[in-house]
Every structure is written in C-alpha cells, then in structure tokens.
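# Summary of the model geometry
Here are the chains, one letter per residue:
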Amino acid sequence: MRKMGSLRKLYKILKRVKEYKAYMAQLSDSGLTGLTTQFKERLKNGESLEDILPEAFAAACEADFRVLGKFPYDVQIIGAIALHMGYLAEMNTGEGKTLVATMPLYLNALTGKSTILVTTNEYLALRDAKEMGQMYEFMGLTVAAGVKEKAEDTFTNEEKKKVYNSDIVYTTHAVLGFDYLLNNLVTAAKERFMRPFYYVIIDEADSVLLDSAQTPLVISGSPRVQSNLYELADFFVTTLREGIDYEKEEKKVWLTHKGVAYAETFFQIDNFYDRKYFEINRHVTLALRAHVLYELERDYMISNKGEILLIDGGSGRMMPGVKLRGGQHQALEVKEKIKVSTENRSVASITYQNLFLLFPKMSGMSGTISDASEELLNVYGEKVLVIPTNCPVQRKDLPDKYYKNANTQFLEAIRMAVQIHKTGQPVLIVVTTIAETEAVSKSLIKEKIPHNVLNANNAFWEADIIKEAGQMNAVTVATSMAGRGTDIKLGEGVKELGGLAVIGIGRMINIRQERQARGRAGRQGDPGLSQFYVSLQDEVVRSNGLKKLEKYSEDDRFISRSRIKKVIDKAQKIGEEFAVISRKQAMDYDQALQLQRKLIYNTRNELLDGGEIKKEKVMEISRRNIKRFLLEQKNINAQRLNRYVLDYISYHLDDKAAALKYDDMQSVADYLLSRVNESFDEQEKKMGNKKHMYEFIRIATLNAIDDAWVEQVDYLQQLQAAVSGRTLAQRNPVFEYQKDALESFMKMETEILNNMMRNILLSNVYIDEERKLHILLP
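Residues numbered from 1 in each chain as written. Predicted model: local features only at pLDDT ≥ 70, side-chain atom pairs only at ≥ 80, totals over all residues. Heavy atoms only, no water.

### Some words on the overall build of the protein
- Counting secondary structure elements, the protein contains 31 helices and 23 strands.
- Seen along its three principal axes, the alpha-carbon backbone of the protein occupies a region of about 105 × 75 × 45 Å.
- Here the protein, with 778 residues, has 55% of them falling under the buried criterion.
- In the protein, the share of contacts with a sequence separation of at least 24, taken over all contacts with a separation of at least 6, comes to 75%.
- With the model as given, the accessible surface of the protein reaches about 35300 Å², and the carbon-plus-sulfur share is 51%.
- Computed over 107 positive and 105 negative side-chain charges, the inter-centroid distance for the protein is 3 Å. (Helix = DSSP H or I, 4+ residues; strand = E, 2+ residues; numbered from the N terminus. Buried < 20%, exposed > 50% of the residue type's maximum accessible area, 1.4 Å probe, protein only. Contact = heavy atoms within 4.5 Å. Areas by Shrake-Rupley, 256 points an atom, 1.4 Å probe, with all protein chains shown as cover. Lys, Arg positive; Asp, Glu negative; His and termini not counted. Charge placed at Lys NZ, Arg CZ, Asp CG, Glu CD.)

### Quick look at the layout of surface pockets
- Put simply, the second largest pocket is a space of about 740 Å³.
- Along the wall of the second largest pocket there are 31 residues; nearest its centre are Lys-70, Gly-96, Thr-98, Asp-487 and Arg-523.
- Elements with a minimum of two residues in the lining of the second largest pocket: helix H7 (97-100) and helix H9 (122-138).
- In terms of residues, the lining of the second largest pocket owes the most to one element, H9, which gives six residues.
- Of the residues that constitute the lining of the second largest pocket, the class distribution is seven nonpolar, ten polar and 14 charged. (1 Å grid on protein atoms, 1.4 Å probe; cavity = no way out; pocket = protein on both sides within 12 Å on 5 of 7 lines; lining within 4 Å. Points joined across faces, edges and corners; volume = space filled by probe spheres on them. Nonpolar A, V, L, I, M, F, W, Y, C, P; charged D, E, K, R; others polar.)

### Some points on the sheet that holds strand E4 (residues 168-172)
- Read from one edge of the open sheet, seven strands run E3-E4-E2-E5-E13-E1-E14, paired in parallel fashion. The sheet is open, and its two borders are formed by strand E3 (143-145) and strand E14 (384-386), each paired with just one other strand. In this sheet, adjacent strand axes meet at a mean angle of 20° when their direction is disregarded.
- Along the sheet face, helix H11 (residues 173-183) touches strand E2 (115-119) and E4 and points at about 105° away from the line of E4. (Pairing = 2+ DSSP bridges. Axes fitted to C-alpha atoms, helices over the stretch in contact; angles between N-to-C directions.)

### Some words on the pattern of salt bridges
- What the rule picks out here adds up to 35 salt bridges.
- For the salt bridge of Lys-148 with Glu-159, the shortest nitrogen-to-oxygen distance reads 3.9 Å. With Lys-148 in the loop between E3 and helix H10 (157-164) and Glu-159 in helix H10, this residue pair connects regions lying eleven residues apart in the sequence.
- Overall, the relative accessible area of 28% leaves Lys-148 in the partly exposed class.
- A salt bridge links Arg-512 to Asp-206; its shortest N-O distance comes to 3.0 Å. On the criterion of sequence distance, the pair formed by Arg-512 in helix H23 (residues 511-518) and Asp-206 in helix H12 (residues 205-211) is long-range, its members being 306 residues apart. (Salt bridge = Lys/Arg side-chain N within 4 Å of Asp/Glu carboxyl O.)

### Examining the packing of aromatic side chains
- Scanning all chains against the criterion turns up 20 aromatic pairs.
- When the centroid spacing of 4.1 Å and the interplanar angle of 10° are considered together, the rings of Phe-197 and Phe-359 count as stacked. Placement of the pair is Phe-197 in the loop between H11 and strand E5 (199-203) and Phe-359 in the loop between helix H17 (352-356) and strand E13 (361-366), with a sequence separation of 162 residues.
- Taking relative accessible area as the criterion, Phe-197 reaches 14% and is therefore assigned buried.
- Note on Phe-359: relative accessible area 6%, which makes it buried.
- When the centroid spacing of 5.0 Å and the interplanar angle of 35° are considered together, the rings of Tyr-644 and Tyr-648 count as tilted. (Phe/Tyr/Trp six-rings, centres within 6.5 Å; stacked < 30°, edge-to-face > 60°.)

### Things to note about the pairing of strand E23 (residues 773-776)
- Note that strand E22 (residues 764-767) and E23 share four bridges and pair antiparallel. Opposite Val-765, over in E23, you have Ile-775 as the bridge partner.
- Between the end of E22 and the start of E23, which pair antiparallel, lie five residues, with Arg-771 showing a positive phi angle near 65°.

### Quick look at the side chain of Asp-128
- Within the secondary structure, Asp-128 is located in helix H9.
- Within the structure, Asp-128 has its side chain in polar contact with the side chain of Arg-127 (distance 2.8 Å).
- Aside from chain neighbours lying at most four places away, what touches Asp-128 is Thr-98, Gly-133, Tyr-170 and Asp-203. (Polar contact = N/O pair within 3.5 Å; in protein donor to acceptor, adjacent residues only side chain to side chain.)

### Some remarks on the nonpolar core
- If you look at the biggest cluster of nonpolar residues, it comprises 95 residues, and the most contacted ones within it are Leu-176, Ile-202, Leu-209, Phe-356, Leu-376, Leu-672 and Ile-760.
- Broken down by element, the residue count for this core peaks at 16 residues, all from helix H30 (residues 690-723).
- The residues contacting Leu-672, other than those within four sequence positions of it, are Ile-626, Phe-629, Leu-641, Tyr-644, Val-645 and Ile-649.
- Listed in part, the 58 residues of the second largest apolar core include Leu-32, Leu-43, Tyr-106 and Leu-141. (Core = buried A, V, L, I, M, F, W, Y, C linked by side-chain atoms within 4.5 Å.)

### Some thoughts on helix H14 (residues 257-266)
- Gly-259, Val-260 and Ala-263 are the residues of H14 that are buried. All buried residues of H14 fall inside an arc of 100° around its axis, so they share one side. In H14, the exposed residues that point more than 90 degrees away from the buried face are His-257, Lys-258 and Thr-265.
- Of the residues trailing H14, Gln-268 is marked for its positive phi of about 55°. (Arc of directions from axis to C-beta.)

### A few points about the confidence of the model for the protein
- Looking at the protein as a whole, its pLDDT mean stands at 87, while 93% of the residues score no less than 70.
- No element of the protein has a lower mean pLDDT than helix H25 (residues 550-554), at 62, and none a higher one than helix H8 (residues 102-109), at 98.
- This stretch, residues 1-5, has a pLDDT under 50; its non-local contacts, to residues over four places away or in other chains, come to 17 contacts. (pLDDT = per-residue confidence, 0-100.)

### Examining the environment of Arg-771
- Turning to its location among the elements, Arg-771 is positioned in the loop between E22 and E23.
- A sequence separation of 79 residues divides Arg-771 from His-692, and the C-alpha atoms of the two residues are 9.5 Å apart.

### Structural notes on the side chain of Gln-516
- By the element assignment, Gln-516 lies in helix H23.
- Judged by its relative accessible area of 5%, Gln-516 falls in the buried class.
- Once residues lying within four places of it in the same chain are set aside, the contact partners of Gln-516 are Thr-93, Thr-368 and Arg-484.

### Quick look at the state of the cysteines
- Applying the stated criterion across every chain, the model contains zero disulfides.
- The thiol of Cys-61 is unpaired, and the distance to the nearest cysteine sulfur, on Cys-391, comes to 17 Å.
- Looking at Cys-391, the relative accessible area reads 25%, which means it is partly exposed. (Disulfide = S-S within 2.5 Å.)

### Looking at the environment of Asn-92
- As for its position among the elements, Asn-92 is in the loop between strand E1 (88-90) and H7.
- For Asn-92, a relative accessible area of 25% translates into the label partly exposed.
- Considered as a pair, Asn-92 and Val-284 are 192 residues apart in the sequence and their alpha carbons are 47 Å apart.
- Asn-92 has contacts with Lys-97, Gly-367, Thr-389 and Val-393, leaving out every residue within four places of it along the chain.

### A closer look at the packing of helix H29 (residues 665-687) against helix H31 (residues 733-762)
- Closest axis-to-axis distance for the H29/H31 pair is 8 Å, and the angle between their directions is 50°. For the element pair H29 / H31, the angle class is oblique. Mapping the contact onto sequence places Val-676, Ser-679, Phe-680 and Gln-683 in H29 and Met-757, Ile-760, Leu-761 and Leu-762 in H31.
- Within the contact of H29 with H31, the residues separate by chemical class into six nonpolar, two polar and no charged. (Parallel < 35°, antiparallel > 145°, perpendicular 65-115°, else oblique.)

### A word on helix H28 (residues 638-648)
- Buried within H28 are the following residues: Leu-641, Tyr-644 and Val-645. Buried positions in H28, seen along its axis, are confined to an arc of 100° and lie on one side of it.
- Among the structural elements, helix H27 (615-632), H29 and H31 are those in contact with the buried residues of H28.
- At the N-terminal end of H28, a side-chain oxygen is found 3.2 Å from the backbone nitrogen of Gln-639, two or three residues along, and the residue is Asn-637.

### Examining the packing of H30 against H31
- The geometry of H30 relative to H31 is characterised by a closest axis approach of 9 Å and an angle of 160° between their N-to-C directions. It follows from the interaxial angle that H30 and H31 lie roughly antiparallel. The interaxial crossing formed by H30 with H31 has right-handed handedness. (Left-handed = near helix turned anticlockwise from the far one by under 90°.)

What follows is the structure in structure tokens.
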C-alpha cells in the first residue's frame, strides 16, 4: 500500500468519516451491527478497505460511543487512519491510544484475516481485550486475549486455536513470538493453531520494536550435557589483567594478543581460534563477559533462593524465569559461586525485528517514538507520524538540575519532593534502577512521608497503584517503565494545585524514556510539571566509558555546570548510539538464521500440508548420499561398505558385496543403490498402499529435518557468544558468525539427507488392526 506523506491528506479522509456521523447516529442497534455483514459482502464483491474506510470508521466511532460511552476525538480518528495506513503513530500519553486502535482493528478484521494487537504486558492485553472487546462483540466480531493473568496458567492447543481464530486478538509481543516458534515445531497439520499473519498494531511500539529488540526469543528444549569448562574458564579469567590480557570498549570485551597466547599456554592448545577448540573459546568468552560486562545489582541480582535474577535495563524490574542464552547465565552463576543451573539446548529462535517483518501490514503507536524515526524506517521500513494533541500541553518541563555527585543529587531531589508534598500536590519520583527506588523509599520514610514503591515484576499490581498516583497527597516511587500504558488521572482539587509533579532522579538511558516519564504529567491538557536531577555518578555516565570524570564527583575539584551537562549529554548519546548498534547487530546475527529458518519452515509446511516425496526423489537423494560417501573414502573395502549398509540402508547383509571390485567405484555405487531400491520396496510392501507409504516418508523426513534443525539452532546460539570474543585482529564478529553459520548450514543439509535416507529405509514400520500407522525410527 502506498503511504500518504502528510497529515493534510489524513484530514481529508477524516472529513469523509465525519460525513457519516449523523447517518450512523440515527441507526438502531441492529441497523448499526448489521453493517458488519454488509461491509464483508462489499469486500467480497471487489471493494477495497480504503473504499469502505470512511463508513467503517464512522460505524466503529458510533459503536464506541454506544458501548463504551466514548466518541473518538478528531485527532483520535486521524491516529486510527494513520494506523490503518501502516504508520508508527506518536500520540501523547493520555490521548486515548486504546480507543484509537478499535477503528483500524475493526476495519482490518472485516477481511477475515488475522488481526492482532500486541502490547508490552499481560495486564494491558487482558484489560484492553475485555474493555474494547465489548465494542467488537456488539458489532458482530469475535475477540480473544492470547495471555492469562497467571504465568503458570497455560493454554491447551485447542484453546490457542480458538484464540487465533478469533477476528481480533490482543496479546503480548513475547507470547506472539513464542507462539509463532511453537507453531512451527508441530509435527502434524492438525496441531497448528495460528493463521497466516496479516495485520498487526504494536502498542507501546518503541518499547517493543526498540527496547526489546536486542534480545531474541529462544525456545529451550532438552538439557545439554553439563560442561566442566565453566569453572576452569572462570578461574582463568580471574587471572587476566585489563589493558594487558584483555581490553574492553563500551559493551564489548576481547582478549589481546598476549591474552590469546596466555590462553593457549593455560589450556595447552596450539590455536585458540581453531574450530576444534570451539568449546574452550566459547567458555572463556562467556566467563570474560560475566566478569567484565555484567555487574551485580545493575544487570542482575541474587534471590533469597540463591538464583540469578536478571534486571530489565529498560524498566529496571526483575525478570524471574528469564535466562541469558548460550551459556552466559551459567557463566554468571559460576562467577557468583552459586549452584549452576542446567544449560538447555535451544530449539527455535527469532528476533522481534524479523518476527514483525513477517506481517504484510504493520503499524504501531506510542507516546515517544519520533526520536527513533530514522532507525525505525531503516529497520522496519515504517514511517513515524506525529499526531496532534486534542488539547494543548500545559505541563511545565523545567530545566534539568546538575550535580557533581549522587549524594547531593538525591538530597536535593528528595528536598523538592518533600516541599511539593506539603502542598498536597501528588508527586511521582522516577528513577532508573531497583536499588534507587529503595534508596528513595528510605529517605521518604525518614521524612515520615507515606508512599508507594513500584519495582516488582507484576504489571497488574503496578497498574492499580499507578492509577492512584494523581490523587491528593499521593507520593509514588517508580522505575522508568513501571505501570506504562496506564493513565494517571488527577483527583479532585489536584488541578488547582498544579497537577502531577514528576521528579526524575538520574539521566535516563535514552531521550524516549525521559519523555515517557515527563509525559506522566499533563495528560489531556491537564496542568503538571517535570524536573530531572542528574549527576556525574548516574548509571548512564558510569556505563558509557566516562569514569575518568569520577574524580570530580569524589572531591572538591571544580567543574562547571556547563561541563557537567556536556558530559552527561555525551554519555546518553553514546548509550543511545550503542543501543542502535546493538539492535542492528542482533538483526544481522539473526539474518543468517532467518534465511535458514524460512527455508526450513517452508519445507516443513509443505510436508505438513500433504506434500508427497515419491520413490524417484528418495532414490535421487540416496544416489547423492552414496556418491558423497564414496568420495570421502580413501580406500573402500568390504568392512567399510557393510558398515555403511547397516547404518543407512538395511539391517541385512548379502553375499554380493564380497564379489565387488572395490577399485571400481561405479559398480560399488550401483550395488549400494540396488540395496536402497530393495529396502524401499520392502518398506512399501509393509505399508500395503502408496498412501500409507507417502505418510511414512513424510514423517521420516520431518524427523530428519527437525533433528538437524534443532542442532543447528543450538549451535548458532552458542556461536553468537563465541564470536563476540573475536574482535581481536580486526575480525568482524558478524562476518565471522555468518561465515560459520553458512558452513554449518551446508553440513546440516548433508545431515538431513543422510538421516532422511536412514529413517525411510531402516525404520520399523507396521499397520495395526485398526489400520493405524506405527513408526519406530532408527
């Protein structure tokens, strides 16, 4: 679809939508709901979604009013038009994005194709499916939530089918991604539960498309044999010296030439980067990253049960149950001297970038997305459109206050919070880490100020608390992303006091998060104010290579306010630039896997949908396998030949092999191929008919593909961690990864063909009395 380039064109469509307002208002309920059937018929008769958009949006607006008691403002209709056209729409906090989505979701669901809204957490998905679902059901459409309130509650396969067969689905980005991967691991067509992707709206789009995009989704399977290299590599790393044996730069760390030579001496190997020493290389890289790049209390915490709990860098919240992949989690556990958990095999993986690029139509909305418009255009091919506010913004964004050290910074921020609280004006204190929420809370307790602290991993509880943050005398302490998606409405008398006051402590990791925090105040033209207190000891300064300035924060040395501002601004910019690079690198890594994944998934789908592999194809594959086997043999003899027959063709040997001339490769190949033909005919005879034979071949082939693909995905996950240490000698980690990924894919292809032949010819198969097929794979 061609994208329109300006708001002016969208206002023209708005005018057409409003022309139907009076007509829709005079319709009876049955007359209004009956339009859904009419719209569907018009689409079947050749009209496009654009043709019916004005009427369909007008009908949705009227339904919103009758069912929800809310008639969309003009700017909300503009936002809805932008979402239908595939824009990423920036709409300020409190502008009613949830209501905006009802119009494009209703319109696109009329096609009968998959129509999905994804958001950041289960609370928002369930809340919006329930509240907005009333409108869709009134208009004759079905709606479902793809999540449950309790993480331990799961859907059955049939329940998932019902969810994804609904006209409109509300879910989270994580659940959608995992469901996509699981849907492509089924072994029978009847087990698939998802429809082909069509249209998606991404709520809180910057959080989903950017902040969550650095970590791919990974499904783990059976445990890998536990390695004893973790402890040895950890000890080795503790003997290294920064600047001599290893160097680091931003979020990267690598061994120097001296470090590599030391590793080769320590582990008694001749080439640290040789493929045969891959496991040593990988474990050393993991241990080095664990000690240098991961910091306790900042990146992870240790629970009362002695388990590593990761901390979400975006929200500052703990993430129970989430593990680092590729062995990094185990390396952290060894570093902290706690029980090492099982390292599970990765069986499927995808990045959020490649997940959402699977949708023919994608759009999104957020209050803070325009700052990343260039990256979003480059990665997703989507334009950002800033939607005007319904009412002018009245919030006062005061200039940042700058301090040399965190102690003064916190004291001044708390002093201001106390001062404002005395007036009754509600205060929201926003910090960047869990540790900071606890520090602020202690200070408020000393001042005897009642308050709520939001740093738990429970979006349901957070939403209930954050809703009350605008009441008289309320004081709330939260991490930057806590309660996102829930409006803070002002209590009685609060407007007269100046609205909600947002006090930010510490420079956020990016401008978007700062705008998100400020945007908590001043919704829908309400008054409000925001003020940030920043210092040279902020995490964003510490983590972006500017530690040399710490001397100014620790003594009485003079440093000007303008210099502090310059340093902190630079640190934030470096952090944002690295985040962009990191997201691009994650996508570059996944690009190699994406091509392979597409090929494998397409092949699996063809087989699941009844694709037949006939005898001629099996014989052709066997011919290639036999040719490859013979080329690999320096001296073929009866023993090697019989071993190959027993491993891949038949459990029975014959006397013909003894009479072969082993220097005549063609006659050996002809013999082996004749044995393949005999074994195939024997299997077909057991089946009784070609239908059963084709079903057996399909299952045998799927098994061969799946076994090899699981090994490939698992290897590539480990490879990503290993190549990150190849920065030395100007080796490009992504290039190294893609080169190794291609080599391993070619080996995987060979493995699939060999195992396919083996499964078809050596499986124990029979048909029971009820004519059911039974297969015991070799």
